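# Coordinates in review
Letter by letter, the chains look like this.
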Amino acid sequence: DAKTTQPNSMESNEEEPVHLPCNHSTISGTDYIHWYRQLPSQGPEYVIHGLTSNVNNRMASLAIAEDRKSSTLILHRATLRDAAVYYCMLINAGNMLTFGGGTRLMVKP
Amino acid sequence: NAGVTQTPKFRVLKTGQSMTLLCAQDMNHEYMYWYRQDPGMGLRLIHYSVGEGTTAKGEVPDGYNVSRLKKQNFLLGLESAAPSQTSVYFCASSWAGAVVGNEQFFGPGTRLTVL
């Protein structure tokens, strides 16, 4: 199974952009890149997903490298409510979500 | 819509006791999942179901059984609880499989302690 690598933790200041990286050098051509986040004491929630092109939604943007071996989740203006663990995952046909360690994002006021 | 709900929210069991965790969703989703999350770790898939009457094993199925008798409900059973099953259990549902990009909706979790 294709795996992802994320930094254990990152810090950001409130109202500044945050770029959360994810490396997936063994990604296959049909793997989708999914991002979920988990706020303290809550279940995970979907953030965004993509295949090849960059994606934007109300929560975030997903920038995917041209070779698809890495991607970056972009929070345009971090708020205190964005403090969470962010999980990057690769999904292919028949596979299920596989949560790794994720990146713990801390947002400073 | 209530989304995904889980019952109970907390439970303490003694080793060897049995219990059933209930997950209910009101979104008419076909797929449902049970995960466990141990402290400081990501979620691991226990069992899942791709439709009413079907179940399949996930990454860590041993010691658990599941049933999907109704589309909206997914039950997780522990026949003989062990301290290693102390964890937070999350249920999730989705309209279809992840490959088509359908997001999973998670419940609030059940915190289980086995003494």
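First, a word on scope: everything that follows refers to the structure included in this document. Everything numeric here is computed off the predicted structure, so don't read it as measured data. (Residues numbered from 1 in each chain as written. Chains lettered and ligands numbered in written order. Predicted model: local features only at pLDDT ≥ 70, side-chain atom pairs only at ≥ 80, totals over all residues. Heavy atoms only, no water.)

### As for unusual backbone geometry
- Going from Thr7(B) to Pro8(B), the amide bond is cis rather than trans, its omega being -5 degrees.
- In this structure, Pro8(B) sits in the loop between strand 1 (4–7) and strand 2 (10–13).
- Positive phi outside glycine occurs at Glu15(A), with the angle close to 70 degrees. (Helix = DSSP H or I, 4+ residues; strand = E, 2+ residues; numbered from the N terminus.)

### Observations concerning the pairing of strand 4 (residues 45–50) of chain A
Residue and element names in this part refer to chain A.
- Counting buried positions along strand 4 gives five out of six residues, so the element sits mostly inside the fold.
- Bridging between strand 3 (residues 32–38) and strand 4 involves five bridges; their strand directions are antiparallel. Following the sheet pairing, Trp35 is matched in strand 4 by Ile48. (Buried < 20%, exposed > 50% of the residue type's maximum accessible area, 1.4 Å probe, protein only. Pairing = 2+ DSSP bridges.)

### Thoughts on the pairing of strand 8 (residues 84–91) of chain A
Residues and elements named next belong to chain A.
- In terms of burial, strand 8 is largely enclosed, as eight of its eight residues are buried.
- Neither face of strand 8 is exposed, since Ala84, Tyr86, Cys88 and Leu90 on one face and Val85, Tyr87, Met89 and Ile91 on the opposite face are all buried.
- Examined bridge by bridge, strand 3 and strand 8 share seven bridges and lie antiparallel to one another. Note that in strand 8 the partner of Arg37 across the bridge is Tyr86.

### Some thoughts on the interface of chain A and chain B
- Across the contact, 17 residues belong to chain A and 17 residues belong to chain B.
- When chain A packs against chain B, close to 1,500 Å² is buried across both sides, 64% of that on carbon and sulfur atoms.
- Contact with chain B buries surface across chain A, with Met96(A), Leu97(A) and Phe99(A) losing the most and accounting together for 33% of the total.
- At the junction of chain A with chain B, the criterion picks out zero salt bridges. (Contact = heavy atoms within 4.5 Å. Buried area = accessible area lost by both parts, 1.4 Å probe. Salt bridge = Lys/Arg side-chain N within 4 Å of Asp/Glu carboxyl O.)

### Notes on the environment of Val88(B)
Residues and elements named next belong to chain B.
- With respect to the helices and strands, the residue Val88 is situated in strand 9 (residues 87–94).
- The exposure class assigned to Val88 is buried, which follows from its relative accessible area of 16%.
- Sequence separation between Val88 and Lys57 is 31 residues, and the spatial gap between their C-alpha atoms is 19 Å.
- Setting aside its immediate chain neighbours within four residues, Val88 contacts Tyr35, Arg36, Gln37, Gly109, Thr110 and Arg111.

### Looking at the nonpolar core
All names here are of chain A.
- Within the largest apolar cluster, 21 residues are counted, with the highest numbers of intra-cluster contacts made by Leu20, Ile33, Trp35, Leu73, Leu75, Tyr86 and Leu105.
- Looking at which element gives the most residues to this core, the answer is strand 8, with four residues.
- Not counting residues up to four positions away in its chain, the partners in contact with Leu105 are Met10, Ser12, Val18, Leu20, Leu75, Asp82, Ala83, Ala84 and Tyr86. (Core = buried A, V, L, I, M, F, W, Y, C linked by side-chain atoms within 4.5 Å.)

### Observations concerning the side chain of Arg37(A)
All names here are of chain A.
- Structurally, Arg37 can be placed in strand 3.
- A distance of 3.1 Å separates a polar atom in the side chain of Arg37 from a polar atom in the side chain of Tyr86.
- Sequence-distant contacts of Arg37, that is, excluding residues within four places in its chain, are made with Gly43, Pro44, Glu45, Val47, Met59, Arg81, Asp82, Ala84, Val85 and Tyr86. (Polar contact = N/O pair within 3.5 Å; in protein donor to acceptor, adjacent residues only side chain to side chain.)

As far as function goes, none of this settles anything; it's purely spatial.
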